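Each chain, written out:
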Amino acid sequence: MNSHSAAILVGFLLCAGAILIAMCLIASTTHDTTEPQSVVQPKGYRLRRGWLWALAAVAIVAFGISLAGFPYGKPAEADGPHFKVFAYQYGFQMPPRIPVNTAVVFDVTSRDVNHGFGIYDPTNHLMSQVQAMPGYVNHLAVTFTAKGHYTVRCLEYCGIAHAAMQEGFDVQ
Ligand SMILES: [Cu+2]
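Reading guide: rules and limits
Residues numbered from 1 in each chain as written. Predicted model: local features only at pLDDT ≥ 70, side-chain atom pairs only at ≥ 80, totals over all residues. Pairing = 2+ DSSP bridges. Helix = DSSP H or I, 4+ residues; strand = E, 2+ residues; numbered from the N terminus. Buried ≥ 20, exposed ≤ 12 C-beta atoms within 10 Å, placed from the backbone. Domains from an automatic or database assignment. Axes fitted to C-alpha atoms, helices over the stretch in contact; angles between N-to-C directions.

With that settled, the discussion passes to the sheet that holds strand β9 (residues 166-171). By definition, the strands of a sheet pair up through backbone hydrogen bonds, in either a parallel or an antiparallel sense. Ordered by their spatial adjacency, 5 strands build an open sheet running β3-β9-β8-β5-β6, and the pairing between neighbours is mixed. Sheet topology places β3 (97-98) and β6 (126-132) at the edges, where each strand pairs with a single neighbour. Judged from the 2 bridges that link them, β3 and β9 form a sheet pairing that is parallel. Across the sheet, the residue bridging to Arg97 is Asp170, located in β9.

Right, here's the structure in full:
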């Protein structure tokens, strides 16, 4: 387990523990109600409305704060070298070598149907991906900081041999 996975596990356990404690507190402080349904129901609806508006406020604030860091819609770095990628049933036509520590741009399109262009690093982790669409060129900016053999896999079901649709290139 690497440090990233360990951090996710610890975060999950902390959240799960906090929820468990909250549930135990609620269970221990909840008693049989003697109030009739007609009294409880409006209270419940008020509480629910309050929750809705509180969550909406949190979501709007979080959206506003995180919007600046949204990765989509920004033009790819244009100053680096561009590499053409053609996806087709069932493979990729692309250059066999990509320079290391260089901001490169993949100009990705498809010859037939929609495909995915997913780049896996030498440890087989997905590091970047974009759609390969007929009639469109999508630009994917990537800077490879490690040399090695990278694998490209299709991430969009595109036909009977989709699972075998794989290509590779060397970063050097
Ligand atoms: Cu596919």
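Now for the pairing of strand β4 (residues 103-110). As a general feature of sheets, a regular strand has side chains that alternate between the two faces. Of the two faces of β4, only one is covered, namely that formed by Val104, Phe106, Val108 and Ser110; the face formed by Ala103, Val105, Asp107 and Thr109 stays uncovered. For strand β1 (residues 82-88) and β4, the ladder comprises 6 bridges, and the chain directions are parallel. Within β4, the position partnered with Lys84 by the bridge is Asp107.

Annotation of the protein at the domain level lists domain 1 (3-69) and domain 2 (82-171). Between domain 1 and domain 2, the C-alpha centre-to-centre distance is 41 Å.

Let us now look at unusual backbone geometry. Put simply, Gln89 and Tyr90 share a cis peptide bond, and its omega is 5°. Considering the arrangement of structural elements, one finds Tyr90 in the loop between β1 and β2 (91-93). Although it is not a glycine, Asn101 adopts a positive phi angle of roughly 55°. Tracing the backbone through its elements, the reader meets Asn101 in the loop between β3 and β4. Residue Asn101 is classed as exposed on the basis of its C-beta count, with 10 C-beta atoms lying within 10 Å.

Two elements, β1 and β2, share 3 bridges in a ladder whose sense is antiparallel. Bridging across to β2, Tyr88 finds its partner in Gly91.

The 4 strands are arranged β2-β1-β4-β7 in an open sheet whose pairing can be described as mixed. At either end of the open sheet lies a strand with only one pairing partner, and these are β2 and β7 (138-143). Recorded for the sheet is a direction-independent mean angle of 30° between the axes of neighbouring strands.

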